[in-house]
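Next come the chains, spelled out residue by residue.
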Amino acid sequence: MSESIIKMNNIAKHFERKIALSSLSFIINKGEHIALIGPSGAGKSTLLNILAGITNADSGEYLLDGKSIVNYQKRNIRSRKIGVIRQQFDLIASLPVIQNVLAGKLGEWGFFKSLISLLFPIEKETAARALNQVGLLDKMYEQTSRLSGGEQQRVALARLLVQNPEVILADEPVASLDPARAEDILSLMTELVKDKKQTLIVSLHSVEYAKKYFSRIIALRDGEIFFDLPSEHVTDSLLANLYALKGEAKDG
Ligand SMILES: Nc1ncnc2c1ncn2[C@@H]1O[C@H](COP(=O)(O)OP(=O)(O)OP(=O)(O)O)[C@@H](O)[C@H]1O
């Protein structure tokens, strides 16, 4: 039987009077690749922030690898379990690429060691290996701001390879890329995590990419799970209802 890595039980969250998530429950097994879809405001980012331990739920239980998320408050403990990749990539534009890649060790090392990490040849090797995997070895010493959006997303991926967490969460990681580069990043991302059996949870606006690159799709609407299905079971009529404007939903 598959081993679970994430268990969510009746997770709820509201902001002032607005219910962002209401009573979500699901289990995610180690090594699953999941796309999170749903209309704007459905609660995808809120759910990813709760999964990342950045936001606390109001109620419900969140178990990460069998332990409550409250056990992962310390950054060095959490960073071994969970890595996050954002739409803006969170890179420091003025630094060389290698420094941004080694920032993947920030949780483990703390800020000072990360800063002086360039003095250690072994760490250069770590960075070089990760940059090679994402096809950017020749940009190791380039200033990050000189790279294109797609290349910067690859740097963020290399940083995750260095961090090597068990679970990778990505909030709209390809929203700012053109279709060819978006697909390039998604296929690279899903291939790289396969090798290490990492669990991947990615929010996407593109249903097409969700179906093509992910084996399971969790759809949110109005803070609730609208469906949670293997990608091949997601039909056009389910999707039409998921994205229907209020009062427009049809049967089927
Ligand atoms: N910090 C906040 N303060 C107040 N309301 C918030 C906050 N964060 C989210 N919300 C509300 O909670 C709901 C869910 O928002 P969330 O950002 O999780 O949706 P989303 O599915 O990620 O949307 P999008 O696809 O547009 O990014 C929305 O109604 C949003 O306005």
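Residues numbered from 1 in each chain as written. Predicted model: local features only at pLDDT ≥ 70, side-chain atom pairs only at ≥ 80, totals over all residues.

Asker: Looking at this structure, I do not really get the overall build of the protein. What am I missing?
Answerer: From N to C terminus, the protein includes 10 helices and 10 strands. Relative to its 252 residues, the protein shows a buried fraction of 39%. (Helix = DSSP H or I, 4+ residues; strand = E, 2+ residues; numbered from the N terminus. Buried ≥ 20, exposed ≤ 12 C-beta atoms within 10 Å, placed from the backbone.)

Asker: I tried to follow the site of the ligand on my own but got confused; where do I start?
Answerer: The ligand sits among F15, K18, A20, G38, S40, G41, A42, G43, K44, S45 and T46. For the shell around the ligand, the elements supplying multiple residues, two or more each, are β2 (18-29) and α1 (44-52). The greatest single-element share of the shell around the ligand, amounting to three residues, is contributed by α1. Here the residues of the shell around the ligand are counted per class, giving three nonpolar, six polar and two charged. (Near = placed C-beta within 6 Å. Nonpolar A, V, L, I, M, F, W, Y, C, P; charged D, E, K, R; others polar.)

Asker: Is there a simple way to think about the domain arrangement of the protein in this case?
Answerer: Much of the literature gives interface size as the accessible area that the parts lose upon coming together. If you check the domain split of the protein, you get domain 1 (1-65 + 166-252) and domain 2 (89-164). If you look at the interface, domain 1 gives 10 residues, while domain 2 gives eight residues. If you tally residues by element for the side of domain 1 that touches domain 2, the top one is helix α8 (residues 179-195), at six residues. In terms of residue class, the side of domain 1 that touches domain 2 is built from seven nonpolar, one polar and two charged. (Domains from an automatic or database assignment. Contact = placed C-beta atoms within 7 Å.)

Asker: Would you explain the sheet that holds strand β10 (residues 224-230) in this entry?
Answerer: The strand order across the open sheet formed by six strands is β6-β7-β8-β3-β9-β10, and the pairing between neighbours is mixed. Looking at which strands have only one partner, the edges of the open sheet turn out to be β6 (82-85) and β10. Recorded for the sheet is a direction-independent mean angle of 15° between the axes of neighbouring strands. In this sheet, β10 lies alongside strand β9 (residues 216-221) in antiparallel orientation, the contact comprising six bridges. In the strand pairing of β10, A219 is matched with F227. (Pairing = 2+ DSSP bridges. Axes fitted to C-alpha atoms, helices over the stretch in contact; angles between N-to-C directions.)

Asker: Just to check I follow, could you spell out the nonpolar core for this structure?
Answerer: Among soluble globular proteins, nonpolar side chains are generally buried collectively. Among the nonpolar cores identified, the biggest contains 66 residues, and A35, L36, V101, A158 and L169 are the most heavily contacted of them. Tallying contributions element by element places helix α7 (residues 149-163) first for this core, with seven residues. Shared between two domains, this core holds at least three residues of each, these being domain 1 (1-65 + 166-252) and domain 2 (89-164). The residues touching V101, leaving out its near neighbours within four places in the chain, are A127, A130, L131, V155, A158, R159 and V162. (Core = buried A, V, L, I, M, F, W, Y, C linked by C-beta atoms within 7 Å.)

Asker: Please explain α1 as it appears in this structure.
Answerer: One full turn of an α-helix is made of 3.6 residues, so residues set three or four places apart face in the same direction. Residues K44, T46, L47, L48, I50 and L51 constitute the buried set of α1. Positive phi shows up at G53, right after α1, with a value of about 80°.

Asker: What should I look at first to understand the sheet that holds strand β5 (residues 67-68) in this one?
Answerer: Two pairing modes exist for strands in a sheet, parallel and antiparallel, and in both the strands are linked by backbone hydrogen bonds. Strands sit in the order β2-β1-β4-β5 across an open sheet of four strands; the sheet is antiparallel. Each end of this open sheet is capped by a strand with a single partner; those strands are β2 and β5. Of the strand pairs in this sheet, strand β1 (residues 4-15) and strand β4 (residues 59-64) are connected by five bridges, and their pairing is antiparallel. Within β4, the position partnered with N9 by the bridge is E61.

Asker: Please clarify how the packing of α7 against α8 should be interpreted in this entry.
Answerer: Packing of α7 against α8 brings their axes to within 10 Å, and their N-to-C directions diverge by 10°. On the basis of their axis angle, the class for α7 and α8 is roughly parallel. Residue-level inspection shows G150, Q153, L157 and L161 of α7 in contact with α8, the latter providing R181, D184, I185, L188, M189 and L192. (Parallel < 35°, antiparallel > 145°, perpendicular 65-115°, else oblique.)

Asker: I would appreciate a short explanation of unusual backbone geometry in the present structure.
Answerer: Only a minority of non-glycine residues have a phi that is not negative, and only a minority of peptide bonds are not trans. The phi angle at N164 is positive, at roughly 55°, despite the residue not being glycine. Backbone geometry places D222, a non-glycine residue, at a positive phi of 50°. Locating D222 in the fold gives a position in the loop between β9 and β10. We classify D222 as partly exposed; it has 15 C-beta atoms within 10 Å.

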